[in-house]
Amino acid sequence: MRPGTLLLAILFFVSAREAYGQKREFSSSLYYGEGYVAGQGFAFLPPISKWNPTFALAASVHYSFKPVGQPFRLKVGNQLAFRQLSDGQNNIGFILLDRIPVDVELRFGKRVSFSVEGGFYGSFLIGIDAPETSDIYRTNRWAHFGAHLKLSMAGQISKNTSLGLSIHHYKDLSPLYFSPRHFIRYSNEEPNYGFDSYLSLDYTVRFE
């Protein structure tokens, strides 16, 4: 084996060992909130409001680890999300999504902890129930890319377990579907993006 190849192998092994981390966790969450479809500039909204009559449900599992000597945790997971669809006045169906988020989390405190988490996700359309004549049925995209933000508070219930509450916001950065654009001559399609705001209950098991 060449010295350069051996050095690269050693560096890879050391980096992998450091990245594996000294603190590892497994968590599962149940979500309830509201789903929206709007333009790209849509604002952050609370998980439960009277502004939008549609609702969104989700369940997820996550694995996280804290790299040695670092103040943050890296987290990867899988989330199954159900979102009602609305045309602005009436509910017209639903969509089922599978999301794969990759996040970075900063956490403060021990028995009672607070955390800020953010990252990106890939989202895949599993199923859709909507009229065949609707824009979302005719022009939907099966894969999406987006950003995620989470604010959380958790309390330790045993040596290695905790229970928490979190507020989430998921914002698609690529279109969910397209609809006819009116009064603009340069394009005949307008992109529409999905947004979900949730309140979640989180159960975490720590392995050290």
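All right, on to the confidence of the model for the protein then. With 78% of its residues at a pLDDT of 70 or more, the protein shows a mean pLDDT of 82. Mean pLDDT in the protein bottoms out at helix α1 (residues 3–20), which sits at 53, and peaks at strand β7 (residues 161–172), which reaches 94.

Considering only enclosed or pocket space, the largest pocket measures out at about 560 Å³ in volume. Lining the largest pocket are 33 residues, with Glu25, Arg73, Arg107, Ser113 and Arg206 sitting closest to its centre. Only β1 (23–38), β2 (56–66), β3 (72–86), β4 (91–108), β5 (112–129), β6 (143–156), β7 and β9 (189–207) provide two or more residues apiece to the lining of the largest pocket. When residues of the lining of the largest pocket are assigned to their parent elements, the largest contribution, six residues, is made by β6. Along the lines of polarity and charge, the residues of the lining of the largest pocket split into five nonpolar, 15 polar and 13 charged.

So, about the nonpolar core. With 15 residues, the main nonpolar core has Ile95, Ile136 and Tyr198 as its most contacted residues. Elements with a minimum of two residues in this core: β2, β3, β4 and β5.

Here the structure, examined in full by the defined rule, presents eight aromatic pairs. A network of ring pairs unites the aromatic residues Tyr31, Tyr121, Tyr170 and Tyr198 as a single cluster. Arg99 extends its terminal NZ or CZ atom over the ring of Tyr121, reaching a point 5.2 Å from the ring centre. Geometry around Tyr170 places Arg99 over its ring, the cationic atom sitting 4.5 Å from the centre.

Another point: the environment of Phe108. Checked against the element boundaries, Phe108 lands in strand β4. In this structure Phe108 comes out as exposed when scored by relative accessible area, which is 51%. On a C-alpha basis, the gap between Phe108 and Phe72 in space is 10.0 Å, while along the polypeptide they are 36 residues apart. With near-sequence residues (within four places) excluded, Phe108 lies in contact with Ser113 and Phe114.

It is worth spelling out the environment of His169 at this point. Mapped onto the elements of the fold, His169 is located in strand β7. Between the C-alpha atom of His169 and that of Tyr198, which follows or precedes it by 29 residues, the distance is 6.5 Å. There is a polar contact of 2.9 Å between the side chain of His169 and the side chain of Ser197.

Moving on, we get to the pattern of salt bridges. Applying the stated rule across the entire model yields eight salt bridges. Among the salt bridges present, the one from Arg73 reaches Glu25, with a minimum N-O distance of 3.9 Å. Of this pair, Arg73 sits in strand β3 while Glu25 sits in strand β1, and the two are 48 residues apart along the sequence. Of the two residues, Arg73 and Glu25, neither departs from the other in class, the shared state being buried. Here Glu117 makes a salt bridge to Lys75, at a shortest N to O gap of 3.1 Å. Residue Glu117 is found in strand β5, and its partner Lys75 is found in strand β3; the two are separated by 42 residues along the sequence.

The rules behind these values
Residues numbered from 1 in each chain as written. Predicted model: local features only at pLDDT ≥ 70, side-chain atom pairs only at ≥ 80, totals over all residues. Heavy atoms only, no water. pLDDT = per-residue confidence, 0-100. Helix = DSSP H or I, 4+ residues; strand = E, 2+ residues; numbered from the N terminus. 1 Å grid on protein atoms, 1.4 Å probe; cavity = no way out; pocket = protein on both sides within 12 Å on 5 of 7 lines; lining within 4 Å. Points joined across faces, edges and corners; volume = space filled by probe spheres on them. Nonpolar A, V, L, I, M, F, W, Y, C, P; charged D, E, K, R; others polar. Core = buried A, V, L, I, M, F, W, Y, C linked by side-chain atoms within 4.5 Å. Buried < 20%, exposed > 50% of the residue type's maximum accessible area, 1.4 Å probe, protein only. Phe/Tyr/Trp six-rings, centres within 6.5 Å; stacked < 30°, edge-to-face > 60°. Lys NZ or Arg CZ within 6 Å of the ring centre and 35° of its normal. Contact = heavy atoms within 4.5 Å. Polar contact = N/O pair within 3.5 Å; in protein donor to acceptor, adjacent residues only side chain to side chain. Salt bridge = Lys/Arg side-chain N within 4 Å of Asp/Glu carboxyl O.

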